[in-house]
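# Understanding the architecture of this molecule
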Amino acid sequence: MKVLKFGGTSVGSEAAISRIIGILKDPDHAGKTPVVVVSAFSRVTDTLIDMARKAAGGHSGGDAPYQGLFDELVKRHQDVASHFLKGGERKDALAEIDGLCGELGRILEGISLLGEISARTLDLVMSFGERLSASLLARVFTANGIESAFLDTRPLIKAGDRFGNAPYLPAPSYTNIRSFFKGLPKKKAPLQVATGFIASTMDGQTVTLGRGGSDLTAAIFGAALKTNEVEIWTDVDGILTADPRMVKNAFRIDEILYAEAMEISHFGAKVLFPPTVKPALEQGIPISIRNTFNPEGGGTRIVSDAAEGEYPIRGISSINHIALVRIQGPGMVGVAGFSARVFGALARRGISVILITQSSSEYSICFAVLPAEARHAENAIEEEFAAEIRSGVIDKPVAETDLSIIAVVGSKMKSASGISGKLFHALGRNGINVVAIAQGSSEINISAVIARQDEAKALNAVHEAFFHATVRSVNLFLMGAGLIGGTLLEQIASHRKILAEKDQININLIGVANDKRMLFNPEGLDPLKAKALVNGEDGQVADKAGKNKKAAETENSLEPVNLKTFVEKMIAYNLPNACFCDCTASDEVSALYAKILSASIPVVTPNKRANSGKLEYYRRLTGFSRDRGIPYLYETTVCAGLPVISTLRDLYLSGDRVRRIEAVLSGTLSFIFNNFDGAKPFSALVREAKAKGYTEPDPRDDLNAMDAARKALILARECGLSLEFANVAIEPILPRACFKAKNVDAFFKELEKSDAAFEKRRAEAAAQGKALRYVAVIEEGAAKLALRPEAANSPFRSLVDSDNMVVITTDRYSKLPMVIKGPGAGAQVTAGGIFADIARIARPLV
């Protein structure tokens, strides 16, 4: 035998009811189901509460304030009757609806006259939802070939008089149910369509079993009749590993232990009413969670001997909003019975405690309650410990609100080490502060109290850590979609599928901006489409005037760029594994790195401005990254994709000491001097470099050596030198007159005047078998850049085209220095280096 329960959404429409009829007729249930428990139609209970409260507000003259809702309620049930029933059956059903709604109307009128509503009367009002649905559905099932009878459970299920959430009384309830079913015909007994959620006190007062109590009703029938299974039919495929509304990749759990199900449902999983498990557990009856709208799905079975899953935990749950009340003081230490007084005081006020934790020193104790009860809890504690508070041995209780609880649940935790470490590492690396921790002695639950705003972020981070440990993800926000940023987007578009399939790294583009427009979508953006949109390549522009309001509401529309808004929006999304990438050369953007890192968002950048600016800011960024463990990656600030900075770090970490660095750090200057062999004048080589795109539109921006100097300063700081930009000695390459020229054409005319001087210097070097190279030298606490002749055996003589080279002399690499050589500029290699840094953000959890 099976007991079935159908929730509000399962009976919420004609189509849903038709599905129920199909389920009851299938071979698994036909003739095997003595009772079906039903909830009120979807949203009806809320409507009844609303009507009762409106009625309590009173009215004078005209229609009652609840009349519109009342009429809708009547019509909704009449429509269902008219849809499924005909002739006399329809007439009888409509008469029954009128009778019940007439009774409800009189109660509401009485409430209105009194101008108030008691908890007892509210329970009576709420009972009409199940009474209407069960009586009507019994007629509908019968009309569709399933002989059924309406069963009002109030005479059978007995409960205490705690109105709104009455505890059921097992002994009389089971006796009444068994007696009732013994009185039914032994052959072809009609299917009993029972009201969920409602019961009665021993003296016959109507009570409710708590929101979600229809699940409990089904479990009570199952336990009383000792059925083989209780099936809870709802609108989801079972118990999932996390709330799918917040964790998109949550998946169904096939089997789960009773204790695990109780823990998960206690901590907010809405698919099951927590007390439901107890009567089934006591009788060893499996509970199945099934989907009315996907009956072929396997669902979740709650059993006493669930097979161990492949993951270390069974699921993750949360309570969205709680308050944490803290008591502390020396008067608590070593005092027997202190905790009993605390929780006795709360019990006398009827305050339910969700979570408890106490320090091992016994100096403090804190507990979680619902926010509405926080003030009452404080008052209860203040009253109980008034004398101790007056004497100063105990502080006044303090309540902290806007908190959530996240709980990881699984019996396998008892035998698996490292669960706590993985949980808190996942929270910590995403900048989620833990306010309190609790773990029961059963070791199947670890709970953490966190800020309410971090709930979704925490659920996703922890879910990924436990259920997708081999899959790593990055939620990317990109500032700058020009040459470098645009190339990066192209590389992500072409490679991210391979990266996901082969290396299990998912790059999700969430936001992108250039100097004119920005674009967001928390569900993810297509890299190529996003590039086209922000760069105006498809002609679309933002409509700030509101004409494109619908698109704006989806957060997938363009808007004018605002750097502050971009960063604030990125932080407000509060996504796990977020990453900010700056592909600009902007001082304004780099000035925000500290704010971004302080929000626990890693930064990846080829922008040299932050690391070559003020020494204090460089130290602040790198220090924050080191101390807080928030990645700040800037490999591409020096020599594009060449592994220069990472190599210096590895040398330092392995105990080596850098003695000297010599480097050609400018691709422009490298090209010019690599080809300055006397065949062409110096000015002609500069023109050629400009034509090939090796220089900025104004070549002086490269020939002033400022870019190379910034790179040299970054390398010096990475070696531990405390240098400001002003401390870098820069030998000018060009005569002062070249910089005074009014435009590029005038510059080249001035430069041609210096061709002879450059040729003379080249020839003097050539006469000694040497060639000119512009080299940065970092040594003995100083950094300088100079044009110098290099001998034939110099590594810089092997440079070709626009290659960069860094020569590192250390204690270990003293006789034969380490040489790093390759393209030091170019969109493809720079974007590739940035891409590699972004992928590093998606490091696996330990």
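Above this text is the structure in question.
Residues numbered from 1 in each chain as written. Predicted model: local features only at pLDDT ≥ 70, side-chain atom pairs only at ≥ 80, totals over all residues. Heavy atoms only, no water.

## Things to note about the side chain of Asp582
Mapped onto the secondary structure, Asp582 falls in strand E21 (residues 578-582). Buried charge without a salt bridge: Asp582, with Arg609 as the nearest opposite-charge side chain at an N-O distance of 8.9 Å. (Helix = DSSP H or I, 4+ residues; strand = E, 2+ residues; numbered from the N terminus. Buried < 20%, exposed > 50% of the residue type's maximum accessible area, 1.4 Å probe, protein only. Lys, Arg positive; Asp, Glu negative; His and termini not counted. Salt bridge = Lys/Arg side-chain N within 4 Å of Asp/Glu carboxyl O.)

## With respect to the sheet that holds strand E24 (residues 658-664)
Sheet architecture is open: six strands sit in the order E25-E27-E26-E24-E28-E29, paired in mixed fashion. The open sheet has two free edges, formed respectively by strand E25 (729-730) and strand E29 (818-823), since each of these has just one partner strand. Of the strand pairs in this sheet, E24 and strand E26 (residues 771-779) are connected by four bridges, and their pairing is antiparallel. By the bridge assignment, Ile661 is partnered in E26 with Ile778. Most of the contacts of helix H26 (residues 706-718) go to E26, to which it runs at about 35 degrees, and overall it touches E24, E25, E26, strand E27 (782-790) and strand E28 (803-810). (Pairing = 2+ DSSP bridges. Contact = heavy atoms within 4.5 Å. Axes fitted to C-alpha atoms, helices over the stretch in contact; angles between N-to-C directions.)

## A look at the layout of surface pockets
Reported here for the second largest pocket is a volume of approximately 1,400 Å³. Put simply, the parts of the chain that give the lining of the second largest pocket at least two residues each are helix H15 (483-502), helix H19 (587-590), helix H23 (667-674), helix H25 (700-703), H26 and helix H30 (827-841). For the lining of the second largest pocket, the element with the highest residue contribution is H26, accounting for five residues. Within the lining of the second largest pocket, the residues separate by chemical class into 20 nonpolar, 20 polar and ten charged. (1 Å grid on protein atoms, 1.4 Å probe; cavity = no way out; pocket = protein on both sides within 12 Å on 5 of 7 lines; lining within 4 Å. Points joined across faces, edges and corners; volume = space filled by probe spheres on them. Nonpolar A, V, L, I, M, F, W, Y, C, P; charged D, E, K, R; others polar.)

## Observations concerning the packing of helix H2 (residues 44-56) against helix H4 (residues 87-114)
Running from amino to carboxyl end, H2 crosses H4 at an angle of 40 degrees, the nearest separation of the two axes being 7 Å. The handedness of the crossing between H2 and H4 is right-handed. Of the residues in H4, those touching H2 at Leu48, Met51, Ala52, Ala55 and Ala56 are Leu104, Leu108, Ile111 and Ser112. Of the residues belonging to the contact of H2 with H4, the class tally is eight nonpolar, one polar and no charged. (Left-handed = near helix turned anticlockwise from the far one by under 90°.)

## Regarding the state of the cysteines
Here the structure, examined in full by the defined rule, presents zero disulfides. No disulfide involves Cys719; its sulfur sits 13 Å from the nearest other cysteine sulfur, which is in Cys639. When its relative accessible area of 30% is taken as the criterion, Cys719 is described as partly exposed. (Disulfide = S-S within 2.5 Å.)

## Things to note about empty space enclosed by the protein
Tallying each qualifying case throughout the model produces four cavities of 30 Å³ or more. The space that makes up the largest cavity amounts to roughly 90 Å³. Looking at the largest cavity, it is lined by twelve residues, and the ones nearest its centre are Arg429, Asn430, Asn577, Ala578 and Pro602. Looking at the lining of the largest cavity residue by residue, the class counts come to six nonpolar, three polar and three charged.

## Some thoughts on the nonpolar core
By size, the foremost hydrophobic cluster in this structure holds 79 residues, and its most contacted members are Phe477, Phe580, Leu665 and Phe682. Those residues in contact with Phe682 that lie beyond four places of it in its chain are Ile672, Phe673, Phe676, Ile733, Leu734, Leu751, Asp755 and Phe758. (Core = buried A, V, L, I, M, F, W, Y, C linked by side-chain atoms within 4.5 Å.)

## Points about the environment of Cys101
Along the chain, the position of Cys101 falls in helix H4. Ignoring sequence-local partners within four residues, the contact set of Cys101 consists of Phe70, Val74 and Leu132.

## Side note on the packing of aromatic side chains
For the structure on display, the rule yields 22 aromatic pairs. Relative to Tyr174, the ring of Tyr168 has its centre 6.4 Å away and its plane inclined at 45 degrees; by these criteria the two rings are tilted. There is no split in this pair, since Tyr168 and Tyr174 are both buried. A ring pair is formed by Tyr311 and Phe467, whose centres lie 5.1 Å apart and whose planes are at 70 degrees; its orientation type is edge-to-face. On the criterion of sequence distance, the pair formed by Tyr311 in the loop between strand E10 (300-303) and strand E11 (315-328) and Phe467 in helix H14 (residues 455-467) is long-range, its members being 156 residues apart. What makes Tyr311 partly exposed here is its relative accessible area of 24%. (Phe/Tyr/Trp six-rings, centres within 6.5 Å; stacked < 30°, edge-to-face > 60°.)

These figures capture arrangement, not role.
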